[in-house]
Amino acid sequence: MKSSPQVIRTQNFVTDGAAFILEQARRAIAERNEFRIALSGGNTPAPIYKRVAIEAQDFPWTSVRFTFGDERCVPPDNPQSNFRMARENLFVPAGVPEQSIMRLRGEIDPQMAAQEYEDELNALAAERGEPMYRHDLILLGLGEDGHTASLFPGTTALDETTRRVAANFVPKLDAWRLTFTLPLINDARHVLFLVGASKSPQLIERVLAGDQQFPAARVKPMAGAVTWMIGD
Ligand code: 6PG
């Protein structure tokens with residue numbers, strides 16, 4: 001990573017998060033006629049996605065490709081599904097067309113779901129003559145154990161150096177997850193961590209200090225920027 005992360009602390013977390021995403025989108029579309037964004041899951045981003053949908057009613061969504069940084073291994077209509085959360089808060093209210101959305105199929109065998117997603121990303125990258133699919137913006141959250149996407153401490157996918165998308169068994173959850181790996185995350189032009197006010201300030205400081213025991217601290221794009229937007 002060229003420089004240290006930009007840290008934005010804000011009392012307007014939702015509106016500032018939405019504005020950041022839309023600014024990145026407008027810039028990518030102006031420069032490359034496409035915006036490739038990976039959505040994060042969990043609870044934190046939901047109000048931000050809702051805000052994006054409100055702000056961007058007539059946005060050129062056909063120029064946007066939505067991917068998912070991780071997914072739970074459940075069907076798309078399951079309350080645990082990150083796709084369902086994004087669909088309810090963003091895709092439906094904003095009128096995002098289906099062809100702009102690449103869903104991780106949590107309902108099938110995890111290894112197969114990871115492989116098919118990786119194959120699709122590789123095919124898109126090849127169309128652009130890129131060695132790897134390069135996201136313009138990857139949204140990430142922060143778990144209280146320092147996990148990000150579904151890269152949990154001590155899990156296999158954390159040490160993956162070649163695959164872009166992996167099926168990852170998480171013992172503490174006793175569940176499979178689908179997740180981007182660090183090679184794919186660290187190839188992004190920009191990573192935005194969205195961290196709500198409820199998260200531990202001590203954890204945030206230790207991750208920002210680069211404490212490698214926390215997976216989030218291993219997000220260091222080689223040729224990209226990292227912004228931490230932290231709710232006050
Ligand atoms: C997921 C997320 C995960 C999330 C963190 C924080 O699928 O759960 O991708 O990495 O960002 O667990 O979750 P909250 O936003 O719910 O605190």
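Reading the values: rules and limits
Residues numbered from 1 in each chain as written. Predicted model: local features only at pLDDT ≥ 70, side-chain atom pairs only at ≥ 80, totals over all residues. Heavy atoms only, no water. Helix = DSSP H or I, 4+ residues; strand = E, 2+ residues; numbered from the N terminus. Buried < 20%, exposed > 50% of the residue type's maximum accessible area, 1.4 Å probe, protein only. Polar contact = N/O pair within 3.5 Å; in protein donor to acceptor, adjacent residues only side chain to side chain. Contact = heavy atoms within 4.5 Å. Salt bridge = Lys/Arg side-chain N within 4 Å of Asp/Glu carboxyl O. Pairing = 2+ DSSP bridges. Axes fitted to C-alpha atoms, helices over the stretch in contact; angles between N-to-C directions. Phe/Tyr/Trp six-rings, centres within 6.5 Å; stacked < 30°, edge-to-face > 60°. Lys NZ or Arg CZ within 6 Å of the ring centre and 35° of its normal.

Draft legend 1. Expanded view of the side chain of Asn168. Positionally, Asn168 belongs in strand β6 (residues 165-170). Judged by relative accessible area, Asn168 falls into the buried class, the value being 0%. Here Thr155 takes part through its side chain, which lies 3.0 Å from a polar atom of the side chain of Asn168. In this structure the side chain of Asn168 is engaged in a polar contact, spanning 3.4 Å, whose partner is the backbone nitrogen of Thr156. With sequence-adjacent residues up to four places away left out, Asn168 is seen in contact with Ser150, Leu151, Phe152, Thr155, Thr156, Ala157, Ala175, Trp176, Arg177 and Thr179.

Draft legend 2. Layout of the environment of Ala46. Following the sequence through the fold, Ala46 ends up in helix α2 (residues 46-55). A residue is classified by how much of its surface remains accessible, and Ala46, at 15% relative accessible area, is buried. Each C-alpha atom of the pair Ala46 and Glu130 lies 31 Å from the other, and the pair is 84 residues apart in sequence. Apart from the residues lying within four places of it in its own chain, the contact partners of Ala46 are Met85 and Asn89.

Draft legend 3. Structural context of the pattern of salt bridges. Overall, the coordinates contain 17 salt bridges when judged by the stated rule. Linking Glu130 and Arg36 is a salt bridge whose minimum nitrogen-to-oxygen distance equals 2.9 Å. Of this pair, Glu130 sits in the loop between α4 (110-127) and β5 (137-140) while Arg36 sits in strand β2 (residues 35-39), and the two are 94 residues apart along the sequence. We classify Glu130 as buried; its relative accessible area is 18%. The partner of Arg189 in a salt bridge is Asp136, and the shortest N-O contact between them spans 3.0 Å. Of this pair, Arg189 sits in the loop between α5 (182-185) and β8 (190-195) while Asp136 sits in the loop between α4 and β5, and the two are 53 residues apart along the sequence. A cluster of three or more residues bridged by salt bridges with shared partners is formed by Glu31, Arg32, Asp136 and Arg189.

Draft legend 4. Representation of unusual backbone geometry. Unusually for a residue other than glycine, Ala149 sits at a positive phi of about 50°. The topology assignment puts Ala149 in the loop between β5 and β6. Phi is positive for Asp174, which is not a glycine, with a value near 50°. Following the sequence through the fold, Asp174 ends up in the loop between β6 and β7 (175-180).

Draft legend 5. Main features of the sheet that holds strand β3 (residues 64-68). An order of β1-β9-β8-β5-β2-β3 is seen for the 6 strands of this open sheet, with the pairing classed as parallel. In the strand order of this sheet, the two ends are held by β1 (6-10) and β3, each with one partner. Neighbour-to-neighbour, the strand axes of the sheet open up by a mean angle of 20°, direction not taken into account. In the sheet, β5 pairs with β8 via 3 bridges, with the strands oriented parallel. Paired with Ile138 across the strands is Val191, a residue of β8. Along the sheet, helix α3 (residues 82-94) contacts β2 and β3; its crossing angle with β3, the most-contacted strand, is approximately 145°.

Draft legend 6. Fine view of the packing of aromatic side chains. Overall, the coordinates contain 8 aromatic pairs when judged by the stated rule. Relative to Trp61, the ring of Phe59 lies with its centre 4.9 Å away and its plane at 45°, an arrangement referred to as tilted. Of the residues examined, Phe59 reaches a relative accessible area of 10% and is grouped as buried. With relative accessibility at 6%, the residue Trp61 sits in the buried group. Here the aromatic cluster, defined as three or more aromatic residues joined through ring pairs, consists of Phe59, Trp61, Phe66, Phe68, Phe83 and Phe91. Sitting over the face of the ring of Phe83, Arg103 holds its NZ or CZ atom 5.6 Å from the ring centroid.

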